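Notes for the structure review
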Amino acid sequence: MRDIVDQYVTAINAGDMQAVIALYADDAEVEDPAGTVPKRGDVILEFYTNAFSGGAKVALSGPVRLSAKAAAFPFRAEISGPNGTVTHVEVIDIFDFDEAGKVEKMTAHFGPTNIKVTSS
């Protein structure tokens with residue numbers, strides 16, 4: 001599970017959304033942010049493409065926590081926006097894994113106090 005988290009971070013930083021999607025089970029769902037309507041199927045790829053198309057960079061900001069079938073990990077995302085703005089987001093993602101080791105559900109936990117926009 002730790003390897004999947006590392007692959008996820010590496011794929012996002014490389015801008016390789018196909019590699020991100022390959023980590024997910026066929027019937028996966030993504031709830032980003034937590035509490036929103038889950039995304040499924042092709043909508044997951046569309047979501048990642050839109051969210052990280054600006055050359056986003058992510059980095060773990062603490063240790064990955066593992067349980068029987070889940071991994072929780074804090075990270076920081078920096079997403080370049082229009083007019084030289086940069087959005088900084090502090091997130092905790094939780095991956096729930098299926099028996100094949102694929103991510104069957106991802107929930108992203110953050111709120112307005114975890115988002116800061118700056119000018120570069």
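Everything numeric here is computed off the predicted structure, so don't read it as measured data. (Residues numbered from 1 in each chain as written. Predicted model: local features only at pLDDT ≥ 70, side-chain atom pairs only at ≥ 80, totals over all residues. Heavy atoms only, no water.)

Regarding the overall build of the chain
- Each helix and strand in the chain was counted, giving 3 helices and 8 strands.
- The N-to-C order of helical and strand elements in the chain reads α-α-β-β-α-β-β-β-β-β-β.
- Whereas a compact globule of 120 residues would reach a radius of gyration of roughly 14 Å, the chain reaches 14 Å, a difference of no more than 12%.
- The C-alpha extent of the chain, read off along each of the three principal axes, is 45 × 30 × 25 Å.
- Out of the 120 residues in the chain, the part that is buried amounts to 34%.
- Considering only contacts in the chain between residues 6 or more positions apart, those separated by 24 or more positions represent 49%.
- Summing over all exposed atoms, the chain offers an accessible surface of approximately 6600 Å²; the carbon and sulfur share of this is 54%. (Helix = DSSP H or I, 4+ residues; strand = E, 2+ residues; numbered from the N terminus. Rg over C-alpha atoms; globule rule 2.2 N^0.38 Å. Buried < 20%, exposed > 50% of the residue type's maximum accessible area, 1.4 Å probe, protein only. Contact = heavy atoms within 4.5 Å. Areas by Shrake-Rupley, 256 points an atom, 1.4 Å probe, with all protein chains shown as cover.)

Things to note about the pattern of salt bridges
- Following the criterion strictly, the structure yields 6 salt bridges and no others.
- A salt bridge links Asp-6 to Arg-2; its shortest N-O distance comes to 3.2 Å. One end of the pair, Asp-6, and the other, Arg-2, are both in helix H1 (residues 2-14), 4 residues apart, so they sit about a helical turn from each other.
- Judged by relative accessible area, which is 30%, Asp-6 ranks as partly exposed.
- Take Arg-2: its relative accessible area is 36%, and that puts it in the partly exposed class.
- Arg-40 serves as the salt-bridge partner of Glu-29, at 2.7 Å between the closest nitrogen and oxygen. One end of the pair, Glu-29, is in strand E1 (residues 24-31); the other, Arg-40, is in strand E2 (residues 39-40), with 11 residues separating them in the sequence.
- With a relative accessible area of 17%, Glu-29 lands in the buried category. (Salt bridge = Lys/Arg side-chain N within 4 Å of Asp/Glu carboxyl O.)

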